[in-house]
Amino acid sequence: LPNTPYLFGNYGAEVTFPSPWISEGGKTRLYYDASYVESYFYDYQLSVRQSRIIPSYFIHGIGIQQTVLSSRLSFNFEAMNLGDAQRYDEFSRPQPGRTFRGFVRGTLF
């Protein structure tokens, strides 16, 4: 199939522990995520010298999440693509490099 790498995968690890010193029923979660995609052709391989290849990449990300109010409110901060690897979704369409983001999530019910 064109535009499909033959080898790709994701994995992650996390550690969660209670943090009563911050909030009653609060939890802290530290996590690590990684993703690998092997190089693949933009279209069908027509020649051995074909140059339209989407390169392989291996990205890493880490983050921390703190929940408060019995896990009804969470604060997250994460850093993705720590190695600033060049990655592409489609030929000549790069994805963001190293990114940092923070967000807040709340649950009403």
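Notes on the structure in this doc start here. The shown structure was predicted, so the numbers you read here are calculated from the model rather than taken from an experiment.

### Details of a nonpolar patch on the surface
Together, Val15, Phe17, Trp21, Ile22, Leu30, Ile64, Phe77 and Phe100 make up a nonpolar patch on the protein surface, roughly 810 Å² of accessible area in all. You can see Val15 is positioned in strand 1 (residues 8–18). Classification of Val15 by relative accessible area gives partly exposed; the value is 49%.

### Considerations on the packing of aromatic side chains
Taken as a whole, this structure holds three aromatic pairs when the rule is applied. Consider the rings of Tyr11 and Tyr32, whose centres lie 6.0 Å apart with planes at 50°: the pair is tilted. Here the residue Tyr11 occupies a position in strand 1, and Tyr32 occupies one in strand 2 (residues 27–37), the gap between them amounting to 21 residues. A relative accessible area of 46% means that Tyr11 is categorised as partly exposed.

### Brief notes about the sheet that holds strand 9 (residues 99–106)
With respect to topology, five strands assemble into an open sheet ordered 1-2-5-6-9, the strand pairing being antiparallel. In this open sheet, the two strands that pair with only one neighbour each are strand 1 and strand 9. Between one strand axis and the next, the sheet turns through 15° on average, direction left out of account.

The rules we used
- Residues numbered from 1 in each chain as written.
- Predicted model: local features only at pLDDT ≥ 70, side-chain atom pairs only at ≥ 80, totals over all residues.
- Heavy atoms only, no water.
- Patch = residues over 30% accessible without salt bridge, like charges linked within 9 Å, V, L, I, M, F, W, Y side chains within 5 Å.
- Areas by Shrake-Rupley, 256 points an atom, 1.4 Å probe, with all protein chains shown as cover.
- Salt bridge = Lys/Arg side-chain N within 4 Å of Asp/Glu carboxyl O.
- Helix = DSSP H or I, 4+ residues; strand = E, 2+ residues; numbered from the N terminus.
- Buried < 20%, exposed > 50% of the residue type's maximum accessible area, 1.4 Å probe, protein only.
- Phe/Tyr/Trp six-rings, centres within 6.5 Å; stacked < 30°, edge-to-face > 60°.
- Pairing = 2+ DSSP bridges.
- Axes fitted to C-alpha atoms, helices over the stretch in contact; angles between N-to-C directions.

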